[in-house]
Amino acid sequence: MIIAVVGPTGVGKTKLSVELAKHYHGIIINCDAMQVYKGMDIGTAKPDVQDRLGIVHHMFDICEPGEDFSVARYVECADRCAQQILQQGKIP
């Protein structure tokens with residue numbers, strides 16, 4: 001099983017994903033197009049340190065601003081994360 005939290009900006013997806021991860025002992029895989037970039041904290045609503053405590057988060061801050069990061073590369077990286085999480089018996 002994989003849980004996906006989707007919706008428009010500003011509706012509380014991050015808060016919900018953290019609560020779901022806590023409830024199901026899950027691991028979060030980011031799928032926000034801007035949150036993959038290092039240093040893009042303001043304006044992207046990245047989860048803060050408090051939200052990240054006790055929950056493993058993947059796909060945040062994985063490339064430099066200005067670096068090419070395509071959908072194909074995202075799918076490759078996110079799929080690898082999801083497969084590893086599932087092999088651990090956890091829920092991505």
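Above this text is the structure in question.
Below you will find a few notes about this structure. (Residues numbered from 1 in each chain as written. Predicted model: local features only at pLDDT ≥ 70, side-chain atom pairs only at ≥ 80, totals over all residues. Heavy atoms only, no water.)

Helix and strand content of the chain: three helices and two strands. Each helix and strand of the chain, ordered N terminal to C terminal, gives the series α-β-α-β-α. Computed over C-alpha atoms, the radius of gyration of the chain comes to 13 Å, within 12% of the 12 Å expected from 2.2 N^0.38 for 92 residues, which places it in the range of a compact globule. Referenced to the eigenvectors of the C-alpha coordinate spread, the extents of the chain come out at roughly 35 × 25 × 25 Å. Considering only contacts within the chain whose residues lie at least 6 apart along the sequence, 56% involve residues at least 24 apart. Here the chain has roughly 6200 Å² of accessible surface; of this, 57% comes from carbon and sulfur atoms. (Helix = DSSP H or I, 4+ residues; strand = E, 2+ residues; numbered from the N terminus. Rg over C-alpha atoms; globule rule 2.2 N^0.38 Å. Contact = heavy atoms within 4.5 Å. Areas by Shrake-Rupley, 256 points an atom, 1.4 Å probe, with all protein chains shown as cover.)

Let's shift gears to the nonpolar core. Formed by Ile 27, Ile 29, Val 36, Tyr 37, Met 59, Cys 63, Phe 69, Cys 77, Ala 78, Cys 81, Ala 82 and Ile 85, the largest nonpolar core amounts to twelve residues. Of the residues forming this core, the biggest block, five residues, is contributed by helix H3 (residues 71–87). Counting five residues, the second largest nonpolar core, distinct from the first, contains Ala 21, Ile 28, Ile 55 and Phe 60. (Core = buried A, V, L, I, M, F, W, Y, C linked by side-chain atoms within 4.5 Å. Buried < 20%, exposed > 50% of the residue type's maximum accessible area, 1.4 Å probe, protein only.)

Once that is clear, we can look at the side chain of Thr 44. Looking at where Thr 44 falls in the secondary structure, it is placed in the loop between strand S1 (28–29) and helix H2 (49–52). A polar side-chain atom of Thr 44 sits 3.3 Å from the main-chain carbonyl oxygen of Asp 41. Not counting chain neighbours up to four residues away, the residues in contact with Thr 44 comprise Met 34 and Gln 35. (Polar contact = N/O pair within 3.5 Å; in protein donor to acceptor, adjacent residues only side chain to side chain.)

Here the focus is the packing of aromatic side chains. Applying the stated rule across the entire model yields zero aromatic pairs. Of note, Arg 52 hangs over the ring of Phe 60, and the distance from its end group to the ring centre comes to 4.7 Å. (Phe/Tyr/Trp six-rings, centres within 6.5 Å; stacked < 30°, edge-to-face > 60°. Lys NZ or Arg CZ within 6 Å of the ring centre and 35° of its normal.)

Our focus in this paragraph is the side chain of Lys 46. Looking at the element boundaries, Lys 46 is found in the loop between S1 and H2. We classify Lys 46 as buried; its relative accessible area is 12%. In terms of polar contacts, Lys 46 uses its side chain to reach the backbone carbonyl oxygen of Tyr 37, at 2.9 Å. Those residues in contact with Lys 46 that sit more than four places away from it in its chain are Gln 35, Tyr 37, Lys 38, Gly 39, Met 40, Asp 41, Arg 52, Phe 60 and Asp 61.

Moving on: unusual backbone geometry. The backbone of Ala 45 shows a phi angle near 60°, a positive value even though the residue is not glycine. On the secondary structure map, Ala 45 appears in the loop between S1 and H2. With a phi close to 75°, Met 59 is a non-glycine residue in the positive phi region. Within the element layout of this structure, Met 59 appears in the loop between strand S2 (57–58) and H3.

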